[in-house]
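What follows is the residue order along each chain.
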Amino acid sequence: MALKIAVIGAGSVGFTRRLMRDILSVPELQDTHFALTDISQPNLDLVTQLCQKDIRTNKLPARVSSTTDRRRAFRDADYVICCVRVGGLDAFKLDVEIPLKYGVDQCVGDTICAGGIMYAQRTIPQLLAFGDDILDVAKPGALLLNYANPMAMNCWALLDHGVNVVGLCHGIEHGWNQISEVLGAERREDVDIVCAGINHQTWYTRIEHQGREIGNEELLAAFEAHPTFSKTEKVRIDVLRRFGYYSTESNGHLSEYLPWYRKRPDEIERWIDLASWGNGETGGYLRVSTEKRNWFETDFPEWMAADDPPINSDDRSDERGSRIIESLETGRPYRGFFNVRNHGAISNLADDAIVEVPGYVDALGIHIPRVGDLPLACAATCNASIDVQRMGARAAVTGDATLLKQAMLHDPLVGAVCDPPEVWQMADEMLVAQAQWLPQYASELPKATERLEAPSDVKTRDWEGAARRRVRSLQEIREADERPPMPVGQRR
């Protein structure tokens with residue numbers, strides 16, 4: 001029988017289309033039924049038409065259905081793919097701008113730090129509701145492939161809830177590409193790696209090129225000599241210099257997970273480059289997401305009229321979702337990196353943590369080998385975040401406002417910038433501002449509102465951040481010829 005794959009958050013037009021095309025590039029999966037669901041009917045209509053066009057053009061037996069009723073989409077599904085953003089850009093803006101009033105300068109704010117912790121508070125209750133529906137109406141043992149951030153906290157809560165889930169991210173490939181480039185490799189596959197840690201804080205602990213292990217000094221010298229990365233990856237290179245290991249995540253992301261690079265406003269620009277948002281721009285991902293918001297509607301007729309590339313293995317992306325499904329369904333083995341419960345895979349991280357580690361997939365399932373110890377500095381950095389993730393995930397499930405504030409207090413960057421009264425007030429302000437997405441905190445909101453209305457010694461400021469770029473209009477982006485290509489790979 002044909003597979004049924006449900007996609008929730010399918011209104012993420014480019015990413016949904018990319019995943020579908022990847023799956024249909026596998027001959028055995030070309031009769032798959034894709035059941036798309038989203039709360040946005042307009043976006044759902046756009047992606048449905050684009051996906052149906054791909055299937056029609058390539059003369060494939062697959063089919064696409066769409067509905068705003070997620071239980072209908074989940075019914076009898078073999079797999080569910082999750083790429084939701086709860087609260088959309090309205091909530092995301094609050095994740096970035098309220099912490100700025102307290103001096104917390106984030107580049108993204110979707111993993112930890114003040115923004116990532118609040119993102120979890122909005123997302124986890126919805127994911128648990130999705131999980132209940134999957135357990136109720138999907139096929140027994142249906143696998144949830146989660147792409148939604150904050151990855152670790154989301155997977156932590158889902159696994160505690162009894163949902164069969166694996167978390168997927170593509171940060172490891174990006175850093176792997178950089179390492180290959182600085183070493184002069186012709187292809188990424190010519191460089192062998194061992195990479196492990198937690199999502200967005202994963203470490204290349206072993207690198208081999210042409211049968212030779214690459215040491216710290218050689219890798220550091222290669223990055224320092226690179227004409228681009230020496231300017232755009234200053235945080236990552238400095239961590240490599242001091243830890244001895246390169247991190248997977250972008251310069252901007254890594255800088256907000258650590259207590260050292262974004263705590264003094266007058267020094268932030270020393271560590272970042274504004275050529276691209278991912279290099280560390282204040283609120284960089286919020287800006288580019290805001291700029292992209294209108295492209296789907298304005299360029300949709302152009303995409304529908306365009307000649308699309310054929311669906312085949314040459315068009316397949318690095319996204320792991322299709323590779324996992326292919327391996328489970330055909331038995332062809334696949335080696336990748338997965339976000340799973342630790343259970344001793346990394347021996348000096350907590351057993352209950354969600355780790356990102358190498359593994360392989362075949363017809364019998366996803367298999368995770370023992371990695372052993374992380375280098376001590378890498379483990380220390382991960383463990384600081386794991387404690388925040390544990391508290392943040394539990395607060396999201398229970399609606400415990402004190403635990404939420406304790407998670408923020410222990411966050412590395414927040415703790416480097418704010419004192420406890422500032423953390424408590426910032427958390428209250430974020431709770432009240434995001435009340436519409438936080439049903440579990442209903443009993444706490446009146447008390448938080450009362451505290452915010454009372455006299456306070458905490459001083460805030462009207463601050464755009466140390467390295468903020470203006471959001472451009474769609475016309476300005478068009479004039480700069482920076483419109484994205486037809487959406488077959490973008491994440492919302």
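Described in the following lines is the structure provided in the data block. Computed from a predicted structure; not experimentally measured.

**Examining the overall build of the protein**
Then comes step 1: Along the protein, the regular secondary structure elements total 21 helices and 12 strands.
Then comes step 2: Against the globule reference of 23 Å for 492 residues, the protein gives a C-alpha radius of gyration of 22 Å, in line with a compact fold.
Then comes step 3: For the protein, the spread of C-alpha atoms along the principal axes amounts to about 65 × 55 × 50 Å.
Then comes step 4: Among the 492 residues that make up the protein, the fraction classed as buried is 60%.
Then comes step 5: Looking at the protein as shown, the accessible area adds up to about 19,700 Å², and 48% of this sits on carbon and sulfur atoms.
Then comes step 6: Looking at the protein, you have 55 positive and 72 negative side-chain charges, and the mean spots of the two groups are 2 Å apart.

**Notes on the environment of F92**
Then comes step 1: Within the element layout of this structure, F92 appears in helix 4 (residues 88-101).
Then comes step 2: Between the alpha carbons of F92 and G116 there is a distance of 9.4 Å; along the sequence they are 24 residues apart.
Then comes step 3: Apart from residues no more than four positions distant in its own chain, F92 is found in contact with R85, V108, G109, R122, Y285, L286 and S289.

**Overview of helix 1 (residues 13-24)**
Then comes step 1: With 12 residues, helix 1 should cover 16 Å at 1.5 Å per step; its first-to-last C-alpha distance of 17 Å lies within 8% of that length.
Then comes step 2: In terms of burial, helix 1 is a largely internal element, 12 of the 12 residues being buried.
Then comes step 3: Among all positions of helix 1, only V13, G14, F15, T16, R17, R18, L19, M20, R21, D22, I23 and L24 are buried.

**A look at the packing of aromatic side chains**
Then comes step 1: Within the structure shown, the criterion is met by 11 aromatic pairs.
Then comes step 2: Ring geometry for Y204 versus Y246: centroids 6.4 Å apart, planes at 25 degrees, classification stacked. Here Y246 lies in the loop between helix 10 (234-243) and helix 11 (251-257) and Y204 lies in strand 8 (residues 201-209), a separation of 42 residues in the sequence.
Then comes step 3: Using a relative accessible area of 2% as the deciding quantity, one classes Y204 as buried.
Then comes step 4: Positioned above the aromatic ring of W463, the side-chain terminus of R461 is 4.1 Å from the ring centre.

**Examining the packing of helix 5 (residues 113-137) against helix 17 (residues 401-410)**
Packed helices, taken two at a time, are described by the angle their axes make and the gap between the axes.
Then comes step 1: At a closest axis distance of 9 Å, the pairing of helix 5 and helix 17 adopts a crossing angle of 150 degrees. For the element pair helix 5 / helix 17, the angle class is roughly antiparallel. The two elements helix 5 and helix 17 meet at a crossing, and its hand is right-handed. Side by side, helix 5 and helix 17 meet where A114, I117, M118 and Q121 of the first sit next to L404, A407 and M408 of the second.
Then comes step 2: Class assignment for the residues of the contact of helix 5 with helix 17 results in six nonpolar, one polar and no charged.

**Focus on the state of the cysteines**
Then comes step 1: Enumeration according to the criterion identifies zero disulfides in this entry.
Then comes step 2: Counting only cysteine sulfurs, C83 is the nearest neighbor of C51, a cysteine outside any disulfide, at a range of 11 Å.
Then comes step 3: Exposure remark for C51: the relative accessible area of 0% places this residue in the buried category.
Then comes step 4: C82 takes part in no disulfide bond, and the closest cysteine sulfur, belonging to C83, lies 6.6 Å away.

**Re helix 15 (residues 320-330)**
Then comes step 1: Of all 11 residues that make up helix 15, eight are buried, and the element is covered over most of its length.
Then comes step 2: Within helix 15 the residues assigned to the buried category are R320, G321, S322, I324, I325, E326, S327 and L328.
Then comes step 3: Of the residues trailing helix 15, G331 is marked for its positive phi of about 85 degrees.

**Section: the nonpolar core**
Then comes step 1: Ranked by internal contacts, the top residues of the largest apolar core, which has 137 residues, are F34, I324, L349, M408 and M426.
Then comes step 2: In this view, I324 contacts L143, L145, V166, L168, Y334, F338, V361 and I366; residues no more than four positions away in its chain are not counted.
Then comes step 3: Among the nonpolar cores identified, the runner-up in size contains 21 residues, and I179, V182, L220 and Y246 belong to it.

**Some thoughts on the packing of helix 7 (residues 171-182) against helix 8 (residues 216-225)**
Then comes step 1: Interhelical geometry of helix 7 versus helix 8 gives an angle of 90 degrees and a closest axis separation of 9 Å. With respect to helix 8, the axis of helix 7 lies roughly perpendicular. Between helix 7, through Q178, I179 and V182, and helix 8, the contact on the second element is made entirely by L219, A222 and F223.
Then comes step 2: Split into classes, the residues belonging to the contact of helix 7 with helix 8 amount to five nonpolar, one polar and no charged.

**Considerations on unusual backbone geometry**
Only a minority of non-glycine residues have a phi that is not negative, and only a minority of peptide bonds are not trans.
Then comes step 1: Across the junction of N149 and P150, the peptide omega takes the value -5 degrees, indicating a cis bond.
Then comes step 2: Here P150 shows up in the loop between strand 5 (143-146) and helix 6 (151-160).
Then comes step 3: For C113, which is not glycine, the phi dihedral falls at a positive 60 degrees.
Then comes step 4: The residue C113 is located in helix 5 in this model.
Then comes step 5: Look at C113 and you get buried, because its relative accessible area is 0%.

**Notes on the environment of A480**
Then comes step 1: Here A480 lies in the segment after helix 21 (474-479).
Then comes step 2: Relative accessible area serves as the criterion here: at 35%, A480 is assigned to the partly exposed category.
Then comes step 3: Distance from A480 to E444, taken between C-alpha atoms, is 47 Å for residues 36 residues apart in sequence.

**Examining the side chain of K405**
Then comes step 1: Within the secondary structure layout, K405 lies in helix 17.
Then comes step 2: Beyond its immediate stretch of four places on either side in the chain, K405 contacts V423, W424, A427, D428 and R451.

**Details of the pattern of salt bridges**
Then comes step 1: With the rule as written, the count across this model stands at 41 salt bridges.
Then comes step 2: Of the charged contacts, one joins R17 and D54 as a salt bridge, the two residues approaching to 2.7 Å between their closest N and O atoms. Here R17, found in helix 1, pairs with D54, found in helix 2 (residues 41-57); they are 37 residues apart in sequence, far enough to count as distant.
Then comes step 3: Notably, a salt bridge pairs R206 with E213, separated by 3.0 Å at the nearest N-O pair.

**Brief notes about the pairing of strand 11 (residues 354-362)**
Then comes step 1: Most of strand 11 is tucked away: eight of the nine residues are buried.
Then comes step 2: Relative to strand 11, strand 10 (residues 334-341) runs antiparallel, the two sharing eight bridges. Its bridge partner being in strand 11, Y334 is matched across the sheet by V361.
Then comes step 3: For strand 11 and strand 12 (residues 365-367), the ladder comprises three bridges, and the chain directions are antiparallel. Counted as the bridge partner of Y360 is H367 from strand 12.
Then comes step 4: Counting the residues between successive antiparallel strands, the hairpin from strand 11 to strand 12 contains two residues.

Definitions and cut-offs
- Residues numbered from 1 in each chain as written.
- Predicted model: local features only at pLDDT ≥ 70, side-chain atom pairs only at ≥ 80, totals over all residues.
- Heavy atoms only, no water.
- Helix = DSSP H or I, 4+ residues; strand = E, 2+ residues; numbered from the N terminus.
- Rg over C-alpha atoms; globule rule 2.2 N^0.38 Å.
- Buried < 20%, exposed > 50% of the residue type's maximum accessible area, 1.4 Å probe, protein only.
- Areas by Shrake-Rupley, 256 points an atom, 1.4 Å probe, with all protein chains shown as cover.
- Lys, Arg positive; Asp, Glu negative; His and termini not counted.
- Charge placed at Lys NZ, Arg CZ, Asp CG, Glu CD.
- Contact = heavy atoms within 4.5 Å.
- Expected span 1.5 Å × (residues − 1).
- Phe/Tyr/Trp six-rings, centres within 6.5 Å; stacked < 30°, edge-to-face > 60°.
- Lys NZ or Arg CZ within 6 Å of the ring centre and 35° of its normal.
- Axes fitted to C-alpha atoms, helices over the stretch in contact; angles between N-to-C directions.
- Parallel < 35°, antiparallel > 145°, perpendicular 65-115°, else oblique.
- Left-handed = near helix turned anticlockwise from the far one by under 90°.
- Nonpolar A, V, L, I, M, F, W, Y, C, P; charged D, E, K, R; others polar.
- Disulfide = S-S within 2.5 Å.
- Core = buried A, V, L, I, M, F, W, Y, C linked by side-chain atoms within 4.5 Å.
- Salt bridge = Lys/Arg side-chain N within 4 Å of Asp/Glu carboxyl O.
- Pairing = 2+ DSSP bridges.

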